[in-house]
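As a plain string of letters, each chain reads:
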Amino acid sequence: AQSVAQPEDQVNVAEGNPLTVKCTYSVSGNPYLFWYVQYPNRGLQFLLKYITGDNLVKGSYGFEAEFNKSQTSFHLKKPSALVSDSALYFCAVRDGGYQKVTFGIGTKLQVIP
Amino acid sequence: DTGVSQNPRHKITKRGQNVTFRCDPISEHNRLYWYRQTLGQGPEFLTYFQNEAQLEKSRLLSDRFSAERPKGSFSTLEIQRTEQGDSAMYLCASSLSGGRSHNEQFFGPGTRLTVL
């Protein structure tokens, strides 16, 4: 079975400060890891993915995430938060041998002006 | 707009009725997924198609649920004898195997189902 944990329901950060949204995962095979963002009244949008290669992956809107195999983590980061980054962020994982994707429950990011 | 589209956007039905939702994926995408999302939760995987073949199916998908993708393009999700617990947002996503966007799923806006 595969699972994702997003330990924080909400993260508050001041505009201009760095942000981190945490994610840990569990999967039997090789992990494929993803971050998606959901803005109010809009569909889920892909941010970035880790499949293989460099542990630090860069994605849309200046976001990046670091894959840490020993800690089974895939935290989302951004050096300088914008108010427009305020949204619901989902971490997701799948076993490389299958297509089923398991999502976390989401973390609400609030960037304070 | 050539993104994933879903119809209807909202559906209100009475318990015991059947409902059918449609998903039109991005035209060149050969993979299609259905998810269910309830308030405060992430999307839960329901099923996956590669072209017209249904290759994976969650145990969440009871016998009342059936999905088809007859020609490998659009897909339908039918729920028979709806129950109040079926009330949720039903999401469709598509992806293309291979290429730069391999493994990236593009989501539709969802169909919100309310069962009274």
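(A) The overall build of chain A, seen in detail. Helix and strand counts for chain A come out as zero helices and twelve strands. Going from the N terminus to the C terminus, chain A shows its helices and strands as β-β-β-β-β-β-β-β-β-β-β-β. For 113 residues, the compact-globule formula gives about 13 Å, and the C-alpha radius of gyration of chain A, at 13 Å, lands near that figure. Along the three orthogonal principal directions, the C-alpha set of chain A runs to about 45 × 30 × 20 Å. Buried positions account for 49% of the 113 residues belonging to chain A. Within chain A, residue pairs in contact and separated by at least 24 positions form 56% of the contacts whose partners lie at least 6 positions apart. Carbon and sulfur atoms make up 48% of the accessible area of chain A, which totals about 5,400 Å². Taken together, the 10 basic and 8 acidic charged side chains of chain A have centroids lying 5 Å from each other.

(B) Structural detail: the interface of chain A and chain B. Taken together, the 18 residues of chain A in the interface contact 20 residues of chain B. Counting each side, the surface lost to burial between chain A and chain B is near 1,500 Å², with a carbon and sulfur contribution of 52%. Looking only at chain A, the three residues that lose the most surface to chain B are Leu44, Gln99 and Phe103 of chain A, adding up to 34% of its buried area. Linking chain A with chain B are one salt bridge, by the criterion used here. We note a salt bridge from Lys49 of chain A to Glu104 of chain B, for which the minimum N-O separation is 3.5 Å.

(C) Expanded view of the nonpolar core. Membership of the largest hydrophobic core comes to 28 residues, with the highest contact counts inside it found for Trp35, Leu47, Leu48, Phe74, Leu76 and Tyr89 of chain A. Of all the secondary-structure elements, those providing two or more residues to this core are β2 (10-14), β3 (19-21), β5 (31-38), β6 (44-50), β8 (64-68), β9 (73-78), β10 (87-95) and β12 (107-112) of chain A. At four residues, the largest contribution of residues to this core is made by β10 of chain A. Excluding anything up to four places from it in sequence, Leu76 of chain A contacts Leu19, Thr20, Val21, Trp35, Leu47, Leu48, Phe63, Glu64, Ala65 and Tyr89 of chain A. Counting 19 residues, the second largest nonpolar core, distinct from the first, contains Leu32, Trp34, Leu61 and Leu77 of chain B.

(D) Broad picture of the pattern of salt bridges. If you walk through the whole model with that rule in mind, you get eight salt bridges over all chains. Among the ionic pairs, Glu64 of chain A bridges to Lys58 of chain A, the shortest N-O distance being 2.9 Å. Exposure remark for Lys58 of chain A: the relative accessible area of 65% places this residue in the exposed category. By sharing partners, the salt bridges in this structure join Arg64, Glu83 and Asp86 of chain B into a single network.

Cut-off values and rules
- Residues numbered from 1 in each chain as written.
- Chains lettered and ligands numbered in written order.
- Predicted model: local features only at pLDDT ≥ 70, side-chain atom pairs only at ≥ 80, totals over all residues.
- Heavy atoms only, no water.
- Helix = DSSP H or I, 4+ residues; strand = E, 2+ residues; numbered from the N terminus.
- Rg over C-alpha atoms; globule rule 2.2 N^0.38 Å.
- Buried < 20%, exposed > 50% of the residue type's maximum accessible area, 1.4 Å probe, protein only.
- Contact = heavy atoms within 4.5 Å.
- Areas by Shrake-Rupley, 256 points an atom, 1.4 Å probe, with all protein chains shown as cover.
- Lys, Arg positive; Asp, Glu negative; His and termini not counted.
- Charge placed at Lys NZ, Arg CZ, Asp CG, Glu CD.
- Buried area = accessible area lost by both parts, 1.4 Å probe.
- Salt bridge = Lys/Arg side-chain N within 4 Å of Asp/Glu carboxyl O.
- Core = buried A, V, L, I, M, F, W, Y, C linked by side-chain atoms within 4.5 Å.

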